[in-house]
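Each chain, letter by letter, is given below.
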Amino acid sequence: MTSTHTITLEVADTAAAERFYTAAFGLGSRLRVRAAQEQTTGFRGFTLSLIVSQPADVELLFQSAVDAGATVRKPVAKNMWGCGGVVQAPDGTIWKVATPAKKDTRPASREVQNIVLLLGVSDVAASRKFYTDHGFTVAKSFARMYVEFAAGEGPIKLGLYRRRALAKDAGVPPEGDGAHRIAIGGGGGSFTDPDGFVWEATTSAALS
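Residues numbered from 1 in each chain as written. Predicted model: local features only at pLDDT ≥ 70, side-chain atom pairs only at ≥ 80, totals over all residues. Heavy atoms only, no water.

Peer 1: Just to check I follow, could you spell out the packing of aromatic side chains for this structure?
Peer 2: Any two aromatic rings considered together are summarised by their centre-to-centre distance and by the angle between their planes. Applying the stated rule across the entire model yields 16 aromatic pairs. Taking 4.8 Å as the distance between ring centres and 80 degrees as the angle between the ring planes, the aromatic pair formed by Phe-20 and Tyr-21 counts as edge-to-face. Among the aromatic residues, those joined into a ring-pair cluster are Phe-130, Tyr-131, Phe-136, Phe-149, Phe-191 and Trp-199. (Phe/Tyr/Trp six-rings, centres within 6.5 Å; stacked < 30°, edge-to-face > 60°.)

Peer 1: What exactly am I supposed to notice about the pairing of strand β6 (residues 82–88) here?
Peer 2: Consecutive side chains of a regular strand alternate in pointing toward one face of the sheet and then the other. With seven of seven residues buried, β6 lies mostly within the body of the structure. Side chains Gly-82, Gly-84, Val-86 and Gln-88 project from β6 onto one buried face, and the interleaved Cys-83, Gly-85 and Val-87 project onto a second face that is buried too. Two strands pair when backbone bridges link them, and strand β5 (residues 71–79) and β6 are joined in this way by six bridges, in the antiparallel orientation. Counterpart to Lys-78 in the pairing with β6 is Cys-83. What sits between the antiparallel neighbours β5 and β6 is a turn of two residues. The hairpin formed by β6 and strand β7 (residues 94–99) contains five residues between the paired strands, and Gly-92 there has a positive phi angle of roughly 105 degrees. (Buried < 20%, exposed > 50% of the residue type's maximum accessible area, 1.4 Å probe, protein only. Helix = DSSP H or I, 4+ residues; strand = E, 2+ residues; numbered from the N terminus. Pairing = 2+ DSSP bridges.)

Peer 1: I would appreciate a short explanation of empty space enclosed by the protein in the present structure.
Peer 2: Think of a ball as big as a water molecule: rolled over the atoms, this probe shows where empty space is left. Applying the stated rule across the entire model yields one cavity of 30 Å³ or more. Looking at the largest cavity, the residues that line it are Ile-7, Leu-27, Arg-30, Leu-31, Leu-48, Trp-95, Ile-115 and Ile-156. Split into classes, the residues belonging to the lining of the largest cavity amount to seven nonpolar, no polar and one charged. (1 Å grid on protein atoms, 1.4 Å probe; cavity = no way out; pocket = protein on both sides within 12 Å on 5 of 7 lines; lining within 4 Å. Points joined across faces, edges and corners; volume = space filled by probe spheres on them. Nonpolar A, V, L, I, M, F, W, Y, C, P; charged D, E, K, R; others polar.)

Peer 1: What exactly am I supposed to notice about unusual backbone geometry here?
Peer 2: Negative phi characterises most residues that are not glycine, and trans characterises most peptide bonds. Even without glycine at this site, Arg-181 takes up a positive phi of about 60 degrees. Looking at the element boundaries, Arg-181 is found in the loop between β12 (176–178) and β13 (182–186).

Peer 1: Whenever I open this one, helix α2 (residues 55–68) confuses me. Can you help?
Peer 2: Quick reminder: α-helices carry 3.6 residues per turn. Residues three or four places apart thus point the same way. Over its 14 residues, α2 runs 20 Å from end to end, which matches the ideal 20 Å to within 8%, given 1.5 Å per residue. Buried residues of α2: Pro-55, Ala-56, Asp-57, Val-58, Leu-61, Phe-62, Ser-64 and Ala-65, and no others. Following α2 by one or two positions, Gly-69 adopts a phi angle in the positive range, close to 120 degrees. (Expected span 1.5 Å × (residues − 1).)

It is worth stressing that arrangement in space is one thing and function is another; only the former is reported here.
In structure tokens:
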């Protein structure tokens, strides 16, 4: 089973990005940054979600991100699925902090249970086939709207969503052009998917 091991964000200022992510989320080796100057405008076609155990944790991480310089796209609010909010980092990456829980059961914590990378794609069915051909195993699928792959040994879950729907969920316009500014490390080798997302070959040892 192919797994997702690392996320590398390509940013204009690596020192500033490292400071932000350390202060905001503290994700350690699960998230990396590197310098890049490719042109990009608008929505980059992906979001990253931090899944935590309770609403108090959502509030804590959300506020940490805002205090570190993030822009609020959707304030924290309860919904039928739980509780969540969306911020945009200074480098342009969109982050959702969310929990399926409705109530707090302990003091607030910065512990992140899961990281979910959602790729906004033009054709969910075609992208699903592409990824299963590259060794990914489908865990959940909802017609031509959404696909979630099994995480395997990797610390990051991968999902596919229609681009316009993903932008709406993130609270941003769907238009965008240029580089995605993200490289995904996984065990399936090096390749570029139908929507231009670049994968680099890594192993689980890359996390150490």
